[in-house]
Amino acid sequence: MELGGASLEGSSPSSPATAPWGLLYGVAVLPVLCALYWAAERCWLGPRRVAGELKAQGLRGTAYRFPAGDLTENTRRSKEARAKPMPPCHDIVPRVAPLLLDIVRDHGNVCITWFGTTPRVVIAEPELLKDILSQKFGHFEKFTLKSLGKLIALGLASYEGEKWARHRRILNPAFHLEKLKRMLPAFSACCSEMIDRWDSKLAGSDGPQEIDIWQEFQNLTGDVISRTAFGSSFKEGRRIFQLQEEQADRVIKAIQYIYIPGFLYFPTENNRRMKRNSREIEGLLRGIVEKRSRAVENGELSGDDLLGLMLRSNTDSGEPPSLRMSTEDVIEECKLFYFAGMETTSVLLTWTLVVLAMHPEWQDRAREEVLGAFARDKPSFDGLSRLKTVTMILYEVLRLYPPAISLSRRTIKEMQIGGITYPAGVALELPIILIHHSTDVWGKDAQEFKPERFAEGISRATKTDQPAFFPFGWGPRICIGQNFAMLEAKMALCMILRSFEFELSPSYVHAPYASVTLHPQHGAQVILKKL
Ligand code: HEM
């Protein structure tokens, strides 16, 4: 073989004439060997070793298939399930998570699956979830893809350790009940606008009208979060959130087939657009945040919106300035409010109306309670907090249709869970939806809509202090916005129930499916009748 005129064939490593070529050869080959070793360790040897260790301790699960693990099969099964609608009942797991359901049935409540090349253990036992979610030992962290996170939102949900604790301390006061009370007029104004829109639609027609509540509730919760996050700047807020919505669609489009690390740097049209959106979102947010920060520093009123409360709490936190949230941090938290708070709540409201349309007797009971409490007055904070039937209904909907169908964690140190030793780096899937539908936990009627389960509160319904009902998560990382979401859902439900009756439209197809949250695949069309 000739290389630059010098022959390598027959050359001896010690020969002075060939030594530079040997060196060059070594320099070129060594990185290739290292890369090959790294790839083999990461994609084959390492995963198999971890799975071997877990299997040796008695865990069962799927076999590792290089390189996609169970992802290809999961996509295939989900596509197959999505191709057909289901009967109008609440036994939704076979449609929403068909592969997961089969794996747990075949291999037990704690079993091994594969997220690409990463072993992922499903843990569907409330007793074990308690240890993981209580974070008692600090051995777990969230399983997130940081590069994607930056394009969508970082913020509290993605931080760990001291940074998470500091941000949670600063954000907590903004979500206290007495602060939420002051946001009630914003909730009520947004709901009134929606009701007026529905009224005008009905007024312009001879009788009942069909509307798609999925679209309606996305608009409603988008308006609510814009107003409650940014107060008087809510129109700018709405623009920011529209851009974020587009951004989320683009990110999903970019990763729907396969996730390639570094793909964001490829100069594709979608990537360029995402970067432009990102710059625009951050520019707009920076304008709002800096203006408001100056007002807070000058001792002017900070406002009762989430941004104002967060900035005030940041200044009053008692932390030295270097440990307070920076403008960048505040921007990320604002972006997160939208993703964490808007879609989840619209999912809850959508399934609540669908389920109440399927169960008119509960619709009547809820309406009776609402009319008894408020008749025509504006729903007050205390009145909303006292609603019992409405709360039971919302809990039962959250049980059967949890907006987030599972949580993810990762072991960061070796850890014992339920007598099994997990090495660092194992992903854990905590399937809310499986536990919420489990007959072991809820009894034979687990697939039925029975709000009376919650008549005596959550702990009586679950008969345990373990996470058997955890639509908002559990432990220190429980949803910071759960009271906000429940209040918003109650306000919307009250205002709808006292103005309209509703039933499912003949065009409605019952087809829940898991996108980022639990969506109605073909929308949620109901027929509205003015009362
Ligand atoms: C029905 C509505 C909602 C549902 C079902 C829901 C569900 C959840 C769940 C399951 C978690 C825990 C995630 C985990 O442990 O990995 C969570 C966390 C979080 N949620 Fe919500 N959420 C809702 C509404 C909201 C709202 C309205 C906001 C804010 C306006 C919000 C903000 C957050 C934040 C910031 C976190 C991260 C908390 C932390 O890591 O400390 N959520 N949510």
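Just so we're clear, the structure is a prediction, and the values are computed from it rather than from any experiment.

Looking at the overall build of the protein
And then number 1: Counting its regular elements, the protein contains 20 helices and 15 strands.
And then number 2: Relative to its length of 531 residues, the protein is compact, with a C-alpha radius of gyration of 27 Å against a globular reference of 24 Å.
And then number 3: Its C-alpha atoms put the protein at 100 × 60 × 45 Å along the principal axes.
And then number 4: Expressed as a percentage of the 531 residues in the protein, the buried residues total 37%.

Some points on the site of the ligand
And then number 1: Taken together, 23 residues are adjacent to the ligand, and A340, G341, G473, C479 and G481 come closest.
And then number 2: Elements represented by at least two residues in the shell around the ligand include exactly α13 (327-358) and α20 (482-497).
And then number 3: Broken down by element, the shell around the ligand gets its largest block of residues, seven residues, from α13.

With respect to the UniProt feature "binding site: heme" (unreviewed entry) in the protein
And then number 1: Under the UniProt annotation, "binding site: heme" (unreviewed entry) lies at C479.
And then number 2: With respect to the helices and strands, the residue C479 is situated in the loop between α19 (458-462) and α20.
And then number 3: Assessed through the 19 C-beta atoms surrounding it within 10 Å, C479 is described here as partly exposed.

Notes on unusual backbone geometry
And then number 1: The omega torsion across F66 and P67 is -5°, close enough to zero to call that bond cis.
And then number 2: When you line up the elements, P67 lands in the loop between β3 (60-61) and α2 (71-82).

Points about the nonpolar core
And then number 1: Counting 128 residues, the largest nonpolar core has I123, I132, M310, L353 and A492 as its most contacted members.
And then number 2: With 17 residues, α13 is the single largest residue contributor to this core.
And then number 3: In this view, L353 contacts I213, F502, A524 and V526; residues no more than four positions away in its chain are not counted.

Quick look at the pairing of strand β4 (residues 110-115)
And then number 1: When you tally the buried positions in β4, you get five out of six residues, the bulk of the element.
And then number 2: Taken together, the two bridges between β3 and β4 define a ladder with parallel strand orientation. When the sheet's bridge partners are listed, R60 is paired in β4 with C111.
And then number 3: Here β4 runs beside strand β5 (residues 118-123); their pairing, made up of six bridges, is antiparallel. From the neighbouring strand, T113 faces β5, where its bridge partner is R120.
And then number 4: With antiparallel pairing between neighbouring strands as the criterion, β4 and β5 make up a hairpin whose turn holds two residues, including G116 at a positive phi of roughly 60°.

Some details on the sheet that holds strand β11 (residues 427-430)
And then number 1: In space, the six strands of this open sheet follow the order β3-β4-β5-β11-β8-β6, with mixed pairing throughout. Edge positions in the sheet fall to β3 and β6 (140-142), since each has one partner strand and no second.
And then number 2: Pairing between strand β8 (residues 407-411) and β11: four bridges, direction antiparallel. Paired with S408 across the bridge in β11 is E429.

Description of the sheet that holds strand β15 (residues 525-530)
And then number 1: Strands sit in the order β7-β15-β12 across an open sheet of three strands; the sheet is antiparallel. Looking at which strands have only one partner, the edges of the open sheet turn out to be β7 (209-212) and β12 (500-504). Taken over all neighbouring pairs, the strand axes of this sheet differ in orientation by 40° on average, direction set aside.
And then number 2: Pairing between β12 and β15: five bridges, direction antiparallel. Counterpart to E501 in the pairing with β15 is K529.
And then number 3: Sitting on the sheet, α13 is in contact with β12 and β15, with an inclination near 80° to β12.

Definitions and cut-offs
- Residues numbered from 1 in each chain as written.
- Predicted model: local features only at pLDDT ≥ 70, side-chain atom pairs only at ≥ 80, totals over all residues.
- Helix = DSSP H or I, 4+ residues; strand = E, 2+ residues; numbered from the N terminus.
- Rg over C-alpha atoms; globule rule 2.2 N^0.38 Å.
- Buried ≥ 20, exposed ≤ 12 C-beta atoms within 10 Å, placed from the backbone.
- Near = placed C-beta within 6 Å.
- UniProt positions renumbered as here; feature names shortened; annotations may be inferred.
- Core = buried A, V, L, I, M, F, W, Y, C linked by C-beta atoms within 7 Å.
- Contact = placed C-beta atoms within 7 Å.
- Pairing = 2+ DSSP bridges.
- Axes fitted to C-alpha atoms, helices over the stretch in contact; angles between N-to-C directions.

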